[in-house]
Amino acid sequence: MSTTAARRTNVPDYTTAYYFLEGLSEIGIEYLFCNFGTDHAPIINEMAHRKQRGEAMPSVVRCPHENTAAHMAAGYAFVTGRGQGVLVHVDVGTANTANAMHNLYRSRLPVLLMAGKAPYTVNDELVGSRDTYVHFIQEPFDQASLVRPYLKWEWTLPSGVVVKEALRRAHSIMQSEPRGPVYLMMQRETLTQRWASDEIRSYSEDQFAATGGGGADPKLVAALADKLMTAENPILITGYAGRHDHASKAIDALARFAGIAVYEANMTNNISHDSPCFVGFSPDKAVPNADVGILADVDVPWFPSDVKTKDKSFWAHIDIDTLKPGSPMWTFPGNLRMQGDSGRILEQVLDELKAKATPRFKAAAAGRLTAIKALRDERAARAAKLAADKGKPGAINPHYLMAELGKVLDDDAIIFNEGVTNAGAVLLQIPRSRPNTTMRSGGGGLGWSGGLALGAKLAAPDRMMVQISGDGGFYFGNPSSVFAVSQQYKLPIFSIVMDNTGWNAVKQSTLRVFPEGEAKTASEFESELAPKVAFTKVGEAFGAYGEEISDPADAPAAIARCLKEVRGGRSALLHARVTKM
């Protein structure tokens, strides 16, 4: 320790930063995904100190860009359910995580975001005072405002004496349902304070645990069961119930017993698609005819501008987040709302329904199951027809490409579907039998799929992680940072870029608002991107295997070669030139 630091020491033991690292281990943080800066000097010093002493602390994953760091934490939480730490540099690092915090918040994934703040002393009064240019220009009036819309909790650590209490509080909130991001800020002077060990209290998970979702009021359960008893056209729409295996099973069991068609609208976490009642991803045709509907863990069941509900239809909303308080406006029907664990509540409904079921009800349910099978057959035939068209050289049909991929992926593989306007091809052509094996971001921030795939690979190294994005989304994902982390930490993933040379979502949005407008007449949609990019070079710069295809005939063999490389421990990037936007 320097003589300057010793001169200011008034307590003999360790710094706040030392107890901070110890506290992270106590709350179960296994990994810190880091992009370091000048504010982290006390933490970096104590990391070395704890290593020398052989003391526990989270493993560090250094990420060249904060977008990668935050989305890696998301991927790890997606697989394990356990939020991890993300450590970034003051306001600028925080700003670089805002896109990810939006995505994590909307996807209900826990993360402990942490950043320093500019030192508050300027004349060397305390250890850690300002000593470089950036300390004077990286102090906004409200640093947390950069990510506040996407937080469940925020705080600036006022003193090291409460560092472990603050960490336990942050952990309890981020892990409580609905889960999401929390944010802790710390200044250098606070991190260098010294405290005796008996002054720093630990807080056990037993006494300060996170809260989960429970069951529902039996009266409300009975009311829904009564409605289902007399329903003629019941439907169930979900979006993220598949994040819990028991919820997927509960949906299947209830749907089979009551003859309910199940839709997965604007999916975030998939349920099992093997259920005989699962009929697809768009409930638009079914909603106007439904007399009883169940919304189960879903954010956007349909677009009200396109779909209207039946007069006097009855809707039950079962969700860990029924009122969506994070959205200023959210207006979907709910004659009754039951907030809690959707799987547990649906099990309650099924138990109630079984107790009340009559022969007439069972016969009606059986008849609906026959109709549902016809819908499933129709959907399968449509998928096969779309995949049969391979496209042409320079314009591979995305449906064909995804169907070929689906033939060789096992049930354990996890797909991170950032295909945007081609996301439907991924969903239709690669049905998943296991829940939570296809993920789409609940948020609208592009550039998430690579980081999530890396974090998921870290959590489940024996499973295949497949990142699928368009060329537009690939740019947003800071791919050089993604492949650098993949190489450094030996986390091989399979990345597919479906390159249609532009932002098709921008073009389609313009056409929806102005179907016969000037933009269509002139064919000018401000959506074209560079047409001759060699995306494979990005991966190759970091040791990844790269392959570009433009002929549909090359797709099966190229996919096989890429998968072989990934299984051998090397990331692979397949650049596929698909149908132009």
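Quick note: structure is the one above.
Residues numbered from 1 in each chain as written. Predicted model: local features only at pLDDT ≥ 70, side-chain atom pairs only at ≥ 80, totals over all residues. Heavy atoms only, no water.

A. Highlighting the overall build of the protein. Of regular secondary structure, the protein possesses 21 helices and 22 strands. For the protein, whose C-alpha radius of gyration is 26 Å, the value lies close to the compact-globule estimate of 25 Å for 581 residues. Judged by the C-alpha coordinates and their principal axes, the protein covers about 85 × 60 × 50 Å. When the 581 residues of the protein are sorted by exposure, 56% land in the buried category. Here the analysis covers contacts within the protein between residues at least 6 apart in sequence; of these, 78% occur between residues at least 24 apart. Accessible surface for the protein amounts to roughly 24200 Å². Of this, 52% is attributable to carbon and sulfur atoms. Across the protein, the mean location of the 62 positive side-chain charges is 4 Å away from that of the 63 negative side-chain charges. (Helix = DSSP H or I, 4+ residues; strand = E, 2+ residues; numbered from the N terminus. Rg over C-alpha atoms; globule rule 2.2 N^0.38 Å. Buried < 20%, exposed > 50% of the residue type's maximum accessible area, 1.4 Å probe, protein only. Contact = heavy atoms within 4.5 Å. Areas by Shrake-Rupley, 256 points an atom, 1.4 Å probe, with all protein chains shown as cover. Lys, Arg positive; Asp, Glu negative; His and termini not counted. Charge placed at Lys NZ, Arg CZ, Asp CG, Glu CD.)

B. Up close: the side chain of N422. Its location among the elements puts N422 in the loop between strand 17 (414-418) and helix 14 (423-429). Residues within four places of N422 in sequence aside, it is in contact with P398, M498, N500 and V578.

C. Structural view of the packing of aromatic side chains. Within the structure shown, the criterion is met by 14 aromatic pairs. Their ring planes at 75 degrees and their centres at 5.5 Å tell us that F278 and F281 sit as a pair that is edge-to-face. In this pair, the class of F278 matches that of F281, namely buried. Ring geometry for F474 against F535: centres 5.4 Å apart, planes inclined by 80 degrees, an arrangement best described as edge-to-face. Residue F474 is found in helix 16 (residues 471-476), and its partner F535 is found in the loop between helix 19 (518-522) and helix 20 (536-540); the two are separated by 61 residues along the sequence. Under the relative-accessibility criterion, F535 is labelled buried at 3%. Joined through ring pairs, the aromatic side chains of W302, W315, W330 and F332 make up one cluster. Against the face of F136 rests R130, its NZ or CZ located 5.1 Å from the ring centre. (Phe/Tyr/Trp six-rings, centres within 6.5 Å; stacked < 30°, edge-to-face > 60°. Lys NZ or Arg CZ within 6 Å of the ring centre and 35° of its normal.)

D. Here's a closer look at unusual backbone geometry. E177 connects to P178 through a cis peptide bond whose omega is -10 degrees. Looking at the element boundaries, P178 is found in the loop between helix 7 (163-175) and strand 7 (181-187). Although it is not a glycine, R108 sits at a positive phi angle of roughly 55 degrees. Along the chain, R108 falls in the loop between helix 5 (90-107) and strand 5 (111-117). With a phi close to 55 degrees, K490 is a non-glycine residue in the positive phi region. Mapped onto the elements of the fold, K490 is located in the loop between helix 17 (479-488) and strand 20 (494-499). K490 gets classed as exposed once you look at its relative accessible area, which sits at 69%.

E. Structural context of the environment of L126. Within the element layout of this structure, L126 appears in the loop between strand 5 and helix 6 (134-137). On a C-alpha basis, the gap between L126 and T192 in space is 8.6 Å, while along the polypeptide they are 66 residues apart.

F. Summary view of the sheet that holds strand 19 (residues 465-470). With parallel pairing, the six strands of this open sheet are ordered in space as 18-17-19-20-22-21. At either margin of the open sheet sits one strand with a lone partner, and together these are strand 18 (438-439) and strand 21 (545-549). By the bridge criterion, five bridges tie strand 19 to strand 20 in an arrangement that is parallel. Looking at the pairing, S469 lines up with V497 of strand 20. Of the strands in this sheet, strand 17, strand 18 and strand 19 touch helix 15 (residues 449-459), which is tilted by about 175 degrees from strand 19. (Pairing = 2+ DSSP bridges. Axes fitted to C-alpha atoms, helices over the stretch in contact; angles between N-to-C directions.)

G. Examining the sheet that holds strand 6 (residues 153-156) more closely. Taken in spatial order, the six strands of this open sheet run 3-2-4-5-7-6, and their pairing is parallel. Strands at the two margins of the open sheet, each flanked by one partner only, are strand 3 (59-62) and strand 6. Adjacent strand axes in the sheet meet at a mean angle of 20 degrees, parallel and antiparallel pairs treated alike. Direction of pairing for strand 6 relative to strand 7: parallel, over a ladder of four bridges. Residue W155 lies in a different strand from strand 7, and its bridge partner there is L184. The sheet strands contacting helix 2 (residues 16-26) are strand 2 (31-34), strand 5 and strand 7, and the helix crosses strand 5 at an angle near 175 degrees. Of the strands in this sheet, strand 5, strand 6 and strand 7 are in contact with helix 7, which crosses strand 6 at around 165 degrees.

H. Fine view of helix 15. Extensive coverage of helix 15 is indicated by the burial of ten of its eleven residues. Buried residues of helix 15: S449, G450, G451, L452, A453, L454, G455, A456, K457 and L458, and no others.

I. Here's a closer look at the packing of helix 9 (residues 218-230) against helix 11 (residues 342-356). Between helix 9 and helix 11, whose axes approach to 9 Å, the crossing angle comes to 55 degrees. Taken together, the axes of helix 9 and helix 11 are oblique relative to one another. Handedness of the crossing formed by helix 9 with helix 11: right-handed. Where helix 9 abuts helix 11, its residues V221, A222, L224, A225, D226, L228 and M229 lie against Q348, V349, E352, L353 and K356. (Parallel < 35°, antiparallel > 145°, perpendicular 65-115°, else oblique. Left-handed = near helix turned anticlockwise from the far one by under 90°.)

J. Up close: the pattern of salt bridges. Scanning all chains against the criterion turns up 30 salt bridges. Between R53 and E55 there is a salt bridge, with its nearest N and O atoms 3.0 Å apart. What makes R53 partly exposed here is its relative accessible area of 42%. Look at E55 and you get partly exposed, because its relative accessible area is 23%. (Salt bridge = Lys/Arg side-chain N within 4 Å of Asp/Glu carboxyl O.)

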